[in-house]
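Summary of the model geometry
What follows is each chain in one-letter form.
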Amino acid sequence: MPHWTKLVAEKKQRQLESIPQEWLVSPPPDSTLDVTSFPETCNLLTTREIEITNSSVNVLLEKLACGEWTAVDVTTAFYKRAIVAHQLVNCLTEIFVDRALARAAELDNHFKQTGKVVGPLHGLPISLKDQLCIKGLETTMGYVSWIGRYAEKNAVLVDVLIECGAVPFVRTNLPQTVMWPESFNNIFGRTTNPHNRSLTPGGSSGGEGALVALKGSPLGVGSDIGGSIRIPSAFCGLYSLRPSYGRLPYCGALNSLEGQDSVQSVFGPMTNSVGGVKAFMKAVVNAKPWLKDPLAVRKKWQEDEYNLADHGSGKDLCFAIMWDDGVVVPHPPIRRSLEMTKVALEKAGHKVIDWRPIKHRLLADTTRNIWNAASSEDYMITTSVTGEPIIATMELDNSNAAAAPFRPKKIGITAYQLWQVQKLRKDIRKEYLDHWEATVSETGTGRPVDAIICPASSYAATPHGKNRYTNYTTVWNALDYPAATFPVTTVDPTLDTKKSRHVFYDDFDKSIYDMYDPETFKNAPICLQLVGRTLEEEAVIKMTEIVDGALAAAK
């Protein structure tokens, strides 16, 4: 086996050769931090291609379905913008232009001959995180050891998307092991945040976050085991959804910690509109994925649940805001976004109360204990094939980097010890259910709280290597509650000044407080989460639409 760096050099060369030369541009210098306007000013995209790539998923589907725009035109436009995005923030792994355009041409041909769309996502280009296998393509998942492994068949979700008429067109970057809230690996390197390239786009679906934020893709598929859809969506200013276990198919995709079936990873959409989240979820679950994946839940799209049949038909909703989780107090811009959301919802006629978090520290610690029961061994076995080093930090300068608290210790635990941890989690899930049900006494609606609104992180996108706290997302994975993200505002140094605090939960809370400097985070997007109850994806999407509408009306 050649030294691992040689494998990387060969793979990187293959990636470079897959980019059409005429799509190469002269990117701005590294000192230009905000590159969000560059794709439209670099002179590569035509006026029409700019119009296409600035369109929401619903507009794209409409124009594709009536034949106003062809699948080839739409795919070409997004492919060009994706390649520009890649040159700005290093977000892509697999690039397969000819294959995607051939697929788009097939769809156009079908439409021309029949006058009908192939399915509900007809002609929509969709980007995929580098876990979703596509037949004939490599899926490395950021591991040097997996270079040269070509998929013999598609992941089930890829087959479902193709059946729905979509055009898979690029795959995106992620961290080695996938178990990081940032995006860096030894093959493709580091992905940066298009709003401020000195900051991380988050992870592990950071390539998706950065690409969709630059409108190089109308909709991307990320995965989420502890926040990996929601963190990059929050850091990049996107709408997204972490569905419950099994609502979307995972079969045939690659992953770390395979066989760990307690706190499961799930796939979900990341996009620039809440309408895109709905279109994706509705199309995939209506394609009956349970006939292709034994672990997929047998539940088609429920229109009555979307219309909030269980939530007073959406009239006079009661939301609960979690201001902090009892472990780490969020930075000032996060607090401001929660206050803005509360005011907007009350103005729209909804009730807002406070959410009292219970056992969030224990929940997150328990989740990590489940993952880390054997994660060290998992990473070691995978990397041992080539001897590539296991990445220990995402810092730019790792000479004095502190170990991230979510990284595993070297020693695992016994099966019996693991069972005790899983039992503890099961008991807390029951306690949390009862806690939610008990809120019926506070809402005044005759129902418990309809949804929780809370931070997606304790801060906006951090400098590289500094995203060290993920509990704001991880607890909902442990409880298996679906959670959406929605954008609220951006960091404004004038409004978001550092406020003095004298009381802290502990030293870690103080270290997060000490991180904050409004100039460091300037221009970073601020998103929040809306959290519902297990398998309540339709209601979560509808309530996110309601919150989004209230925020827009309050501006």
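Relevant structure appears above.
These notes cover the structure that comes with them. For clarity, every value in this text was computed on a predicted model and none was experimentally measured.

1. Some details on the packing of aromatic side chains
- Under the definition given, this model contains 17 aromatic pairs.
- Measuring from centroid to centroid gives 6.1 Å for Trp23 and Tyr79, while their planes differ by 35°, and the two rings are tilted. Here Trp23 is found in the loop between helix H1 (4–17) and helix H2 (38–41), whereas its partner Tyr79 is found in helix H5 (residues 71–89), with 56 residues between them in sequence. You'll find Trp23 and Tyr79 in the same group, each marked buried.
- Between Tyr250 and Phe267, the ring centres sit 4.0 Å apart and the planes meet at 10°, which makes this aromatic pair stacked. Note that Tyr250 is positioned in the loop between strand E7 (239–242) and strand E8 (266–271) and Phe267 in strand E8, a separation of 17 residues in sequence. Here Tyr250 and Phe267 have matching classes, each one buried.
- Each member of the aromatic cluster is reached from another via a ring pair, and the members are Trp355, Tyr432, Trp436, Trp476 and Tyr481.

2. Some remarks on the pattern of salt bridges
- Evaluation of the coordinates by the stated rule reveals 28 salt bridges.
- Notably, a salt bridge pairs Asp514 with Lys510, separated by 3.0 Å at the nearest N-O pair. Remark: Lys510 and Asp514 occur in helix H18 (residues 507–515); sequence separation between them is four residues, near one turn of the helix.
- Take Asp514: its relative accessible area is 42%, and that puts it in the partly exposed class.
- One salt-bridge network, in which partners are shared between bridges, spans Arg247, Lys299, Glu305, Glu537 and Glu538.

3. Observations concerning the layout of surface pockets
- In this structure, the largest pocket spans a volume of roughly 370 Å³.
- Taken together, 21 residues line the largest pocket, and the ones lying closest to its centre are Tyr250, Asp261, Gln264, Ser265 and Leu295.
- Looking at the lining of the largest pocket residue by residue, the class counts come to ten nonpolar, eight polar and three charged.

4. Details of the pairing of E8
- Burial within E8 is extensive, with six of its six residues counted as buried.
- Alternating positions in E8 separate into two faces, Val266, Gly268 and Met270 on one and Phe267, Pro269 and Thr271 on the other, with burial throughout.
- Relative to E8, strand E6 (residues 219–224) is paired through six bridges, and the arrangement is antiparallel. The residue of E8 that forms the bridge with Gly222 is Gly268.
- Note: E7 against E8, two bridges, orientation antiparallel.

5. Considerations on empty space enclosed by the protein
- A full pass over the atoms with the stated rule returns four cavities of 30 Å³ or more.
- If you add up the space inside the largest cavity, you get close to 180 Å³.
- Taken together, 18 residues line the largest cavity, and the ones lying closest to its centre are Met179, Trp180, Trp371, Phe406 and Thr470.
- Within the lining of the largest cavity, the residues separate by chemical class into ten nonpolar, seven polar and one charged.
- Taken as a whole, the second largest cavity spans an internal volume of roughly 60 Å³.
- Lining the second largest cavity are twelve residues, and of these Trp180, Thr393, Met394, Ala404 and Gly465 lie nearest its centre.

6. Comments concerning the environment of Phe78
- On the secondary structure map, Phe78 appears in helix H5.
- Residues Phe78 and Lys153, 75 residues apart in the sequence, show an inter-C-alpha distance of 25 Å.
- Once residues within four sequence positions are removed from consideration, Phe78 is found in contact with Ile52, Thr53, Leu60, Pro125, Phe169, Lys215, Gly216, Ser217 and Pro218.

7. Things to note about the sheet that holds strand E11 (residues 451–455)
- With mixed pairing, the eleven strands of this open sheet are ordered in space as E1-E3-E2-E6-E8-E7-E12-E13-E11-E9-E10. In the strand order of this sheet, the two ends are held by strand E1 (92–95) and strand E10 (351–354), each with one partner. In this sheet, adjacent strand axes meet at a mean angle of 30° when their direction is disregarded.
- Where helix H19 (residues 537–554) meets the sheet, its contacts fall on E7, strand E9 (318–321), E11, strand E12 (483–490) and strand E13 (525–531), and the angle it forms with E12 comes to roughly 15°.

8. Structural notes on the packing of helix H15 (residues 415–437) against helix H17 (residues 471–479)
- One can describe the packing of H15 onto H17 by two numbers: an axis separation of 9 Å at closest approach and a directional angle of 95°. When the interaxial angle is binned, H15 and H17 end up roughly perpendicular. Contact with H15, carried on its side by Arg425, Arg429 and Tyr432, involves Trp476, Asn477, Ala478 and Leu479 of H17 and no other residues of that element.
- Looking at the contact of H15 with H17, its residues break down into four nonpolar, one polar and two charged.

9. Section: the side chain of Asp324
- One can find Asp324 in the loop between E9 and helix H12 (332–347).
- No salt bridge is formed by the buried Asp324, whose closest oppositely charged neighbour, Arg335, lies at an N-O distance of 6.2 Å.
- Within the structure, Asp324 has its side chain in polar contact with the backbone nitrogen of Gly326 (distance 2.7 Å).
- A distance of 2.9 Å separates polar atoms of two side chains, one belonging to Asp324 and the other to Tyr505.

10. Side note on unusual backbone geometry
- A cis amide bond links Gly203 to the next residue, Ser204, at an omega of 5°.
- Positionally, Ser204 belongs in the loop between strand E5 (189–190) and helix H8 (206–213).
- Phi is positive for Lys359, which is not a glycine, with a value near 55°.
- Positionally, Lys359 belongs in the loop between E10 and helix H13 (360–371).
- Owing to a relative accessible area of 38%, Lys359 belongs among the partly exposed residues under this scheme.
- A positive phi angle, close to 75°, is found at Asn523, a residue other than glycine.

Quick notes on the rules
Residues numbered from 1 in each chain as written. Predicted model: local features only at pLDDT ≥ 70, side-chain atom pairs only at ≥ 80, totals over all residues. Heavy atoms only, no water. Phe/Tyr/Trp six-rings, centres within 6.5 Å; stacked < 30°, edge-to-face > 60°. Helix = DSSP H or I, 4+ residues; strand = E, 2+ residues; numbered from the N terminus. Buried < 20%, exposed > 50% of the residue type's maximum accessible area, 1.4 Å probe, protein only. Salt bridge = Lys/Arg side-chain N within 4 Å of Asp/Glu carboxyl O. 1 Å grid on protein atoms, 1.4 Å probe; cavity = no way out; pocket = protein on both sides within 12 Å on 5 of 7 lines; lining within 4 Å. Points joined across faces, edges and corners; volume = space filled by probe spheres on them. Nonpolar A, V, L, I, M, F, W, Y, C, P; charged D, E, K, R; others polar. Pairing = 2+ DSSP bridges. Contact = heavy atoms within 4.5 Å. Axes fitted to C-alpha atoms, helices over the stretch in contact; angles between N-to-C directions. Parallel < 35°, antiparallel > 145°, perpendicular 65-115°, else oblique. Lys, Arg positive; Asp, Glu negative; His and termini not counted. Polar contact = N/O pair within 3.5 Å; in protein donor to acceptor, adjacent residues only side chain to side chain.

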